[in-house]
Amino acid sequence: MKKLLLTLLFTGLTVNLAVIHAATAVLAGGCFWCMESDFEKLDGVTDVVSGFTGGTHPAPTYNGGHEGHYEAVRITYDPAIVDYQGILDHFWVNIDPFDAYGQFCDKGHSYLAAIFVANEQERELAEKSKQKVIEMFPGQKVVVPILQQTTFYPIQGDEEYHQDYYKKNPIRYKYYRFGCGRDRRLKEIWGDRATHS
């Protein structure tokens, strides 16, 4: 019994410390299925949730109204393993920073790329990372805005199937991703730095 209590105590302590040290980031990079897949493979990321943010519609849904919102992901990560800079670095090589109309085959406002910052420290890091990308591609215009975080609305209810779509529907997901030309375009822009799903 004493051993069980000690195990529960230490297990609880570990869980609480993990919660205390977790951080979140909100990013938009086109199709949230792809962003979820790309970030769940990054060491230190513990959870990625698909949803909407940045708009004024009070209850955005995939099949209903989400006008003005971006398809986005909320990334939970352990800063002891990957910091916010690492999250930003991974973000850039998984998007087309020059597309002012959407991402890859998906066009329209909801598919635009954006970085949503929660505070001035994140804004400063995001601005520096964007400047670095601008300097890497002097002949092209980087169109990704850095915006203040607003309410993030996770996909839920009848549309819950969008969460972890790449795991639940791997064949359809791969067909969509290939057909959309995402990885081909990422390789064109980023070369060996591009990550592949």
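Everything quoted here is computed from the prediction, not taken from an experiment.

1. Side note on the pairing of strand E2 (residues 45-53)
Regular strands place their side chains on alternate faces of the sheet. Counted residue by residue, E2 has seven buried out of nine residues, so it is predominantly covered. Relative to strand E3 (residues 70-77), E2 runs antiparallel, the two being bridged by eight bridges. Looking at the pairing, valine 45 lines up with tyrosine 77 of E3. Sheet analysis places E2 next to strand E8 (residues 153-154), joined by two bridges and oriented antiparallel. Its bridge partner lying in E8, phenylalanine 52 is registered against tyrosine 153.

2. Focus on the pattern of salt bridges
One pass over the structure, following the stated rule, counts 10 salt bridges. Here lysine 107 and aspartate 99 are joined by a salt bridge, their closest N and O atoms 2.4 Å apart. Overall, the relative accessible area of 46% leaves lysine 107 in the partly exposed class. Classification of aspartate 99 as buried rests on a relative accessible area of 11%. When the shortest N-O distance is used, the salt bridge between arginine 177 and aspartate 183 registers 2.8 Å. What you see here is one network of salt bridges that share partners, running through Asp38, Arg177 and Asp183.

3. Structural notes on helix H6 (residues 170-180)
Those residues of H6 that sit buried are Tyr173, Arg177 and Cys180. Buried residues of H6 fall within an arc of 70° about the axis and therefore sit on the same side. The outward face of H6, more than 90 degrees from its buried face, is lined by the exposed residues Ile171, Arg172, Lys174, Tyr175, Phe178 and Gly179. Tucked inside the fold, the buried residues of H6 contact helix H2 (32-40), strand E5 (106-107), helix H5 (165-168) and helix H7 (182-190). Glycine 181 occupies a position one or two residues after H6 and carries a positive phi of about 75°.

4. A word on the packing of aromatic side chains
Counted under the stated rule, the structure contains nine aromatic pairs. For the pair phenylalanine 32 and tyrosine 62, a centre-to-centre distance of 6.0 Å together with 40° between the ring planes defines the contact as tilted. Taken together, the positions of phenylalanine 32 in helix H2 and tyrosine 62 in the loop between E2 and E3 put the pair 30 residues apart, joining distant regions of the chain. On the basis of relative accessible area, phenylalanine 32 is assigned to the buried category, the value being 1%. Ring geometry for phenylalanine 91 against tryptophan 92: centres 5.4 Å apart, planes inclined by 65°, an arrangement best described as edge-to-face. The residues phenylalanine 91 and tryptophan 92 share a single accessibility class, namely buried. Here the aromatic cluster, defined as three or more aromatic residues joined through ring pairs, consists of Phe32, Phe52 and Tyr62.

5. Considerations on the environment of aspartate 83
Looking at the secondary structure, you find aspartate 83 in the loop between E3 and helix H3 (84-92). According to the relative accessible area criterion, aspartate 83 is partly exposed, its value standing at 42%. Spatially, the C-alpha atom of aspartate 83 lies 8.5 Å from that of glycine 44, the residues being 39 residues apart in sequence.

6. Quick notes on the side chain of histidine 162
Note that histidine 162 resides in the loop between E8 and H5. Here tyrosine 161 takes part through its side chain, which lies 3.2 Å from a polar atom of the side chain of histidine 162. When neighbours within four sequence positions are excluded, histidine 162 is seen to be in contact with Phe32, Trp33, Glu36, Ser50, Tyr62 and Ile155.

7. As for the state of the cysteines
A complete count under the given rule lists one disulfide for this structure. Looking at the unpaired cysteine 31, the closest cysteine sulfur is the one in cysteine 34, lying at 3.7 Å. Given the relative accessible area of 5%, cysteine 31 is considered buried. Given a relative accessible area of 1%, cysteine 34 falls into the buried group.

Reading the values: the criteria
- Residues numbered from 1 in each chain as written.
- Predicted model: local features only at pLDDT ≥ 70, side-chain atom pairs only at ≥ 80, totals over all residues.
- Heavy atoms only, no water.
- Buried < 20%, exposed > 50% of the residue type's maximum accessible area, 1.4 Å probe, protein only.
- Helix = DSSP H or I, 4+ residues; strand = E, 2+ residues; numbered from the N terminus.
- Pairing = 2+ DSSP bridges.
- Salt bridge = Lys/Arg side-chain N within 4 Å of Asp/Glu carboxyl O.
- Arc of directions from axis to C-beta.
- Contact = heavy atoms within 4.5 Å.
- Phe/Tyr/Trp six-rings, centres within 6.5 Å; stacked < 30°, edge-to-face > 60°.
- Polar contact = N/O pair within 3.5 Å; in protein donor to acceptor, adjacent residues only side chain to side chain.
- Disulfide = S-S within 2.5 Å.

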